[in-house]
Amino acid sequence: MQPRDLSDHVAYEAGRGIEEVARELDRDPSEFVKLASNENPHGPSPAAAVAISDAAGTVNSYPKAAHADLTAAVADRWGVADAQVWLANGGDGAIDYLHRATLDPGDDVLVPEPGFAYYGMSARFHHGGVREYSLSKNDEFTQDAGTVLESYDGERVVWLTSPHNPTGSTIDLEEIDRLADETADETLIVVDEAYGEFADVDSAVSLIEGRNGFAARDDVAVLRTFSKAYGLAGVRLGYAIVPDAWSDAYARVNTPFAASELACRAGLAAIDDDEHVDRTVETTLAAREYMRDHVEAHVWESEGNFVLVDVGDASAVAEEMQARGVIVRDCTSFGLPGCIRITCGTDEETDRAVETLNATLADLAADSGTTVEYDGTGDANPEVPDT
Ligand SMILES: *Cc1c(COP(=O)(O)O)cnc(C)c1O
């Protein structure tokens, strides 16, 4: 026998790891830095690392109390009821739960292109179809209600990513509110805020709860994760915040104990470790600015812990940078074959990435006998006024 028809399904292409690359190139792992997966360059929250060690002796039990305690802590952090917090195995797990709670077979979701691959993958796992709306490179990947509505055709779920991966653009809450107004009552707008901690914008939780001048809505949900700012990508912990009216659905869609004991204990410690998050955000802001000022190619404004760079031939540049010890993300799989994405590293890592990228661009241009578009006068990234 055979699995069902999986021809529409594609494998997730993760950023490449140091071990993997070092082995392939037969080199020592210590020669590499990895700035390809938007991980936290300062490691996990130290408090979370202690909590994980402390919890090691109790992993024979299912995570019941830890799950309840973390749910309460997250609910408290956002000022929502416990039942509005859907803990999951990573933000990706929360994407699955939202699809399980919404999609009947054949329902569609609307996702950004370029964008995060897992929205579409998850929809297909749940027997849904996938349609796309375009964010335009020529328009600085601007996100607003109009851009989405141009492609909207009654889909059950619309995915917004703010800050957006891989471009770093954001969408205003007023635009999300308008989008939710102009889509069908049965359409859920999910705002993926995986990079929310790095952005100077308010969370869309305000739309769910009716704060900051907005009326409360029952058609908006928010996704958050411990993988990025909290440095817990390896334990797999994320959550959705859903409208009050959705509270009962969690018990019917969640995979039992998918947020593990170690993950919940780590999350409980990390959520109170403001020092680690503050330090991480501070490093990120400095790295973003440094890359915009010093990379000799166009770098888009970003509100995430990464920047998107226009390099011409992304595969060639990423491969050459990797040979020189800096692993970055080739955005071809995101639908941007001209761009690479570089995660904000420690000061040293970011310096090295910029130096390596500039040298690579100059050498590849010299090799091919073409000149780089950028003329070296320092205005590849003119200041754009804050909006
Ligand atoms: C990283 C990321 C997530 C969630 O990742 P998890 O590790 O599963 O929590 C969700 N959305 C976007 C856009 C991301 O980049």
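From a predicted model like this one, the values you see are computed outputs, not experimental measurements.

## Details of the overall build of the protein chain
Alright, step 1. In terms of regular secondary structure, the protein chain is built from 13 helices and 13 strands.
Alright, step 2. At 21 Å, the protein chain has a C-alpha radius of gyration in line with the 21 Å of a compact globule built from 387 residues.
Alright, step 3. Projected onto the principal axes, the alpha-carbon positions of the protein chain cover approximately 65 × 55 × 55 Å.
Alright, step 4. Burial analysis of the protein chain (387 residues in total) assigns 51% to the buried set.
Alright, step 5. Residue pairs in contact within the protein chain that sit at least 24 positions apart in sequence constitute 71% of those at least 6 positions apart.
Alright, step 6. Summing over all exposed atoms, the protein chain offers an accessible surface of approximately 17,500 Å²; the carbon and sulfur share of this is 46%.

## As for the sheet that holds strand E9 (residues 298-299)
Alright, step 1. Read from one edge to the other, the open sheet built from four strands follows the order E9-E10-E13-E12, with strand pairing classed as antiparallel. Two strands in the sheet have a free side with no partner beyond their single neighbour: E9 and strand E12 (329-330).
Alright, step 2. With two bridges joining them, E12 and strand E13 (residues 339-343) adopt antiparallel strand pairing. Paired with Arg329 across the strands is Arg341, a residue of E13.
Alright, step 3. Relative to E13, helix H12 (residues 314-323) is tilted by about 40°, and along the sheet it contacts E12 and E13.

## Topic: the side chain of Asp219
Alright, step 1. Along the chain, the position of Asp219 falls in the loop between helix H8 (205-209) and strand E7 (220-225).
Alright, step 2. Exposure remark for Asp219: the relative accessible area of 7% places this residue in the buried category.
Alright, step 3. A polar contact is formed between the side chain of Asp219 and the side chain of Arg217, at a distance of 2.8 Å.

## Observations regarding the UniProt feature "domain: Aminotransferase class I/classII large" (unreviewed entry) in the protein chain
Alright, step 1. In this numbering, the UniProt entry assigns the feature "domain: Aminotransferase class I/classII large" (unreviewed entry) to residues 31-357.
Alright, step 2. Between the C-alpha atoms that bound residues 31-357 there is a distance of 16 Å. The span itself is 37% helix and 17% strand.

## Comments concerning the site of the ligand
Alright, step 1. The environment of the ligand is made up of 14 residues, and the closest members are Gly91, Asp192, Thr225, Lys228 and Arg236.
Alright, step 2. Here an oxygen atom of the ligand sits 3.0 Å away from a polar atom, N or O, in the main chain of Asp92.
Alright, step 3. Separating an oxygen atom of the ligand from a side-chain N or O atom of Arg236 is a distance of 2.6 Å.
Alright, step 4. In the complex, the protein chains occlude 93% of the 380 Å² of accessible area that the ligand would expose alone.
Alright, step 5. Each residue belonging to the shell around the ligand can be placed in one class, and the counts come to four nonpolar, six polar and four charged.

## So, the UniProt feature "modified residue: N6-(pyridoxal phosphate)lysine" (unreviewed entry) in the protein chain
Alright, step 1. In this structure's numbering, the residues bearing the UniProt feature "modified residue: N6-(pyridoxal phosphate)lysine" (unreviewed entry) are Lys228.
Alright, step 2. As for its position among the elements, Lys228 is in the loop between E7 and strand E8 (238-241).
Alright, step 3. Judged by relative accessible area, Lys228 falls into the buried class, the value being 14%.
Alright, step 4. When sequence neighbours within four positions are dropped, the list of residues in contact with Lys228 reads Ser37, Asn38, Asn40, Ala194, Tyr195, Phe198 and Asn305.

## Let's talk about the packing of helix H3 (residues 65-78) against helix H10 (residues 261-271)
Alright, step 1. Interaxial distance between H3 and H10 falls to 9 Å at its minimum, and their mutual angle equals 30°. As H3 runs across H10, the sense of the crossing is left-handed. Each of Ala66, His67, Asp69, Leu70, Ala73, Val74 and Arg77 in H3 lies in contact with H10, whose residues at this interface are Glu261, Cys264, Arg265, Gly267, Leu268 and Ile271.
Alright, step 2. Classifying every residue of the contact of H3 with H10 by side-chain character gives seven nonpolar, two polar and four charged.

## Observations concerning the sheet that holds strand E4 (residues 129-134)
Hydrogen bonds between backbone groups are what pair the strands of a sheet, and the pairing can be parallel or antiparallel.
Alright, step 1. Spatially, the seven strands line up as an open sheet ordered E2-E8-E7-E6-E5-E3-E4, and their pairing is mixed. With one partner strand each, in any of the chains shown, strand E2 (85-88) and E4 form the two edges of the open sheet. Strand-to-strand twist of the sheet, defined as the mean angle between neighbouring strand axes without regard to direction, takes the value 25°.
Alright, step 2. Where strand E3 (residues 108-113) and E4 come together, six bridges link them in parallel fashion. If you follow Pro112 over to E4, its bridge partner there is Tyr133.
Alright, step 3. Helix-sheet contacts for helix H7 (residues 173-182) involve strand E5 (157-161), strand E6 (188-192) and E7, and the interaxial angle to E6 is about 160°.

Cut-offs used in this document
Residues numbered from 1 in each chain as written. Predicted model: local features only at pLDDT ≥ 70, side-chain atom pairs only at ≥ 80, totals over all residues. Heavy atoms only, no water. Helix = DSSP H or I, 4+ residues; strand = E, 2+ residues; numbered from the N terminus. Rg over C-alpha atoms; globule rule 2.2 N^0.38 Å. Buried < 20%, exposed > 50% of the residue type's maximum accessible area, 1.4 Å probe, protein only. Contact = heavy atoms within 4.5 Å. Areas by Shrake-Rupley, 256 points an atom, 1.4 Å probe, with all protein chains shown as cover. Pairing = 2+ DSSP bridges. Axes fitted to C-alpha atoms, helices over the stretch in contact; angles between N-to-C directions. Polar contact = N/O pair within 3.5 Å; in protein donor to acceptor, adjacent residues only side chain to side chain. UniProt positions renumbered as here; feature names shortened; annotations may be inferred. Near = heavy atom within 4 Å. Nonpolar A, V, L, I, M, F, W, Y, C, P; charged D, E, K, R; others polar. Left-handed = near helix turned anticlockwise from the far one by under 90°.

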